[in-house]
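For reference, the chains in residue letters:
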Amino acid sequence: MIRIVTYLLLLCGSFPELLFPQSLHFERFLGKLIEEPNTWTKSKLIDEYLAQHSLPLMEGNTVYFLYRGKGNVVQMAGDFNSWEPTKTTMVRIPQTDVFLHIEDIPRGGRMEYKFIVDDKWILDPFNNKKAPGGFGENSEVWSKEYQPPTEIEFLSQIPRGT
């Protein structure tokens, strides 16, 4: 429900603070950002927020994916949509260069994904977690409860293949 309301408010350009409980920090930030009329101030708010938070942002089991940069159409492909970018177009936050997608991740789960910016597939520039995939590296997000399998744990005393 929160995801639907967030998207509707993004599209309408209105974001009443009272819709969300205090624990939802990102929605409060987003509301402040949308209500700010000055483009320069919006950019400064984004810079400050990104300097204080790692991305993608997790609150409970909700993941907030942000892409910041040039682009007309930004999509996502990953485990959550069967790697079909046409199923997930990110929403541009009005008067910014930031695109947003909200996704739920199962407890103990992980997801791989990529951004598609104007038809070019890229890794998430804000996310250092990477996973090898069949078509190259993917960005990766872990739920707070996720535990990597011990059989893929890197052990320095075991020589790596070439």
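Residues numbered from 1 in each chain as written. Predicted model: local features only at pLDDT ≥ 70, side-chain atom pairs only at ≥ 80, totals over all residues. Heavy atoms only, no water.

Draft legend 1. Geometry of unusual backbone geometry. Look at the link from leucine 55 to proline 56: it is a cis peptide, with omega at 0°. Unlike most non-glycine residues, serine 82 shows phi in positive territory, near 55°. The residue serine 82 is located in the loop between strand 3 (74-78) and strand 4 (91-92) in this model. Its identity is not glycine, yet tryptophan 83 carries a phi of approximately 60°, on the positive side. (Helix = DSSP H or I, 4+ residues; strand = E, 2+ residues; numbered from the N terminus.)

Draft legend 2. Quick look at the sheet that holds strand 2 (residues 62-68). Strand order across the open sheet formed by four strands is 1-2-5-4, with antiparallel pairing between neighbours. In this open sheet, the two strands that pair with only one neighbour each are strand 1 (57-59) and strand 4. Sheet topology note: the strand 1/strand 2 ladder contains three bridges and is antiparallel. Along strand 2, the bridge assignment pairs methionine 58 with valine 63. Contacts from helix 2 (residues 25-35) reach strand 1, strand 2 and strand 5 (98-104) within the one sheet, and its direction differs from that of strand 1 by about 120°. The sheet strands contacting helix 3 (residues 39-52) are strand 1, strand 2 and strand 5, and the helix crosses strand 2 at an angle near 125°. (Pairing = 2+ DSSP bridges. Contact = heavy atoms within 4.5 Å. Axes fitted to C-alpha atoms, helices over the stretch in contact; angles between N-to-C directions.)

Draft legend 3. Looking closely at the side chain of glutamine 75. Mapped onto the secondary structure, glutamine 75 falls in strand 3. The buried category is assigned to glutamine 75, whose relative accessible area is 13%. Looking at glutamine 75, its side chain comes within polar contact range of the main-chain oxygen of proline 85, at 3.4 Å. Contact partners of glutamine 75, with chain neighbours within four places excluded, come to Pro85, Thr86, Thr88, Thr89, Met90, Lys114, Phe115 and Ile116. (Buried < 20%, exposed > 50% of the residue type's maximum accessible area, 1.4 Å probe, protein only. Polar contact = N/O pair within 3.5 Å; in protein donor to acceptor, adjacent residues only side chain to side chain.)

Draft legend 4. Representation of the environment of valine 98 within the structure. Considering the arrangement of structural elements, one finds valine 98 in strand 5. It is 4.4 Å that separates the C-alpha atoms of valine 98 and arginine 68, two residues lying 30 residues apart in sequence. If we skip the residues at most four places from it in the chain, valine 98 touches Ile46, Leu66, Tyr67, Arg68, Val91, Arg92 and Ile93.

Draft legend 5. Molecular detail of the packing of aromatic side chains. Counted according to the given criterion, the structure contains ten aromatic pairs. Each ring, one from phenylalanine 29 and one from tyrosine 49, has its centre 4.0 Å from the other, and the planes form 15°; the classification is stacked. With phenylalanine 29 in helix 2 and tyrosine 49 in helix 3, this pair connects stretches of sequence that are 20 residues apart. Per residue, the accessibility class of phenylalanine 29 equals that of tyrosine 49, and both read buried. Pairwise contacts between aromatic rings join Phe65, Tyr67, Phe80, Phe99, Tyr113 and Phe115 into one cluster. Between the NZ or CZ atom of lysine 129 and the centre of the ring of tryptophan 142, over which it lies, the distance is 4.6 Å. (Phe/Tyr/Trp six-rings, centres within 6.5 Å; stacked < 30°, edge-to-face > 60°. Lys NZ or Arg CZ within 6 Å of the ring centre and 35° of its normal.)

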